[in-house]
Amino acid sequence: MTFTELGEIQAFLTLAEELHFGRAADRLGLSRPRVSQLIQSLERRVDGKLFDRTSRRVTLTPTGQFLLERAKPSFEGLQQSIEETRAFARELRIGFMGPFAGAVNASVADFRRTHPEWAISMTETRWGDYFGPLRRAEVDMQVTIWPVEEPDLTSGPVIAEYPRVLAVAVDHPLATRESVDAEELSRLTMVEMPQAAPKAIRDGFLPQRTPAGRPIRRGRLVKTQHEMLSRVASSTDVCATSTALTQYYRHPDVAFVPLTGLPPARAVVSWRTAHESTKIRDFVNTLRTSAS
């Protein structure tokens, strides 16, 4: 349906409600002659008279009544779709890996104050479908772990850094240590994250080797933070994580020991390069302001 046809249908439905050209014109913000032109054009299109007009009254013809019964529900559905689409376009959808939601909390609050016309929603993403929600346009931006080496994605500045910690069972020999050095990981078994997670992020967050190059054994595959904590609590497997996780996730049988020798976990926001928009740029600017 063309824009002109939509205008004709809107004029028809308004006149069908008002049964008065003057009132219909006022509601539409058009002149009476323009409303008459639209109705005449629609009548030519359907090849039938829609209204009977006299100097005193306007009434629907049987053809007009037939069209009204069929066009009104469809037009109202179209209007609702447009309103829903407008609301969708005015919403900033942010995905986040569980522990890293806190990296943008302050910026989200600042953005809501400075951009009250925008709605903001937060959606948790998973290791096994790391950039899936972003690439499927289920979210506009995603809080993720640096580095992001994806050719179709752009990343903003580092917005938070978190010291590394080692998650171990409370009865593990390392649980009472003041710290653990990254070289000691070569003697331990590390839980494994899904291979679907980007290699740069897997290797950066759960390294395959120590800084000196010693291999780190891999244990059970875990898909979520809760699975990781349960596995660590019930086995000798460990997990190199960060203080971002300890802010949001706890387990009574898991201890977190400072882990030295690895760089801090860094959080960034990423978005699809081809779909960068004003709302994304405005939020990135808010991130920079909040961090300064």
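Residues numbered from 1 in each chain as written. Predicted model: local features only at pLDDT ≥ 70, side-chain atom pairs only at ≥ 80, totals over all residues. Heavy atoms only, no water.

J.: Tell me about the packing of helix α2 (residues 21-28) against helix α3 (residues 32-46), and please be specific about residues and values.
T.: Between two packed helices, what matters for the description is the angle formed by their axes and the separation of those axes. In the contact formed by α2 and α3, the axes pass within 9 Å of each other and the chain directions differ by 95°. With respect to α3, the element α2 is oriented roughly perpendicular. Contacts between α2 and α3 pair Phe-21, Gly-22, Ala-25 and Leu-28 from the former with Arg-32, Val-35 and Ser-36 from the latter. Its residues assigned to classes, the contact of α2 with α3 shows four nonpolar, two polar and one charged. (Axes fitted to C-alpha atoms, helices over the stretch in contact; angles between N-to-C directions. Helix = DSSP H or I, 4+ residues; strand = E, 2+ residues; numbered from the N terminus. Parallel < 35°, antiparallel > 145°, perpendicular 65-115°, else oblique. Contact = heavy atoms within 4.5 Å. Nonpolar A, V, L, I, M, F, W, Y, C, P; charged D, E, K, R; others polar.)

J.: I'd love a proper account of the pairing of strand β4 (residues 119-125), names of residues and values included.
T.: Taken together, the seven bridges between strand β3 (residues 91-97) and β4 define a ladder with parallel strand orientation. What sits directly across from Arg-93, in β4, is Ser-121. In this region the chain leaves β3, passes through helix α5 (residues 105-114) and returns to the parallel neighbour β4; the handedness of that crossover is right-handed. (Pairing = 2+ DSSP bridges. Right-handed = clockwise from strand over helix to strand, strands pointing away.)

J.: Any chance you could break down the sheet that holds strand β9 (residues 180-181) for me, citing the residues and the numbers?
T.: Within the open sheet, the four strands sit side by side as β9-β13-β8-β12. Their pairing is mixed. Since the sheet does not close on itself, it has two edges, and those belong to β9 and β12 (239-242), each with one partner. Alignment of strand β8 (residues 164-169) against β12, held across four bridges, turns out to be antiparallel. Paired with Leu-166 across the bridge in β12 is Ala-240.

J.: Talk me through the side chain of Thr-125; I want residue IDs and the actual numbers.
T.: As for its position among the elements, Thr-125 is in strand β4. Taking relative accessible area as the criterion, Thr-125 reaches 3% and is therefore assigned buried. When residues no more than four places from it in sequence are discounted, the contact partners of Thr-125 are Gly-95, Phe-96, Met-97, Tyr-130, Pro-133 and Gln-142. (Buried < 20%, exposed > 50% of the residue type's maximum accessible area, 1.4 Å probe, protein only.)

J.: Can you tell me about the pairing of strand β11 (residues 217-221), naming the residues and giving the values?
T.: Looking at chain direction, strand β10 (residues 189-192) and β11 are connected through three bridges and run parallel. Bridge pairing links Met-190 to Arg-218 in β11. The parallel pair β10 and β11, bridged by helix α7 (residues 199-205), forms a crossover whose chirality is right-handed.

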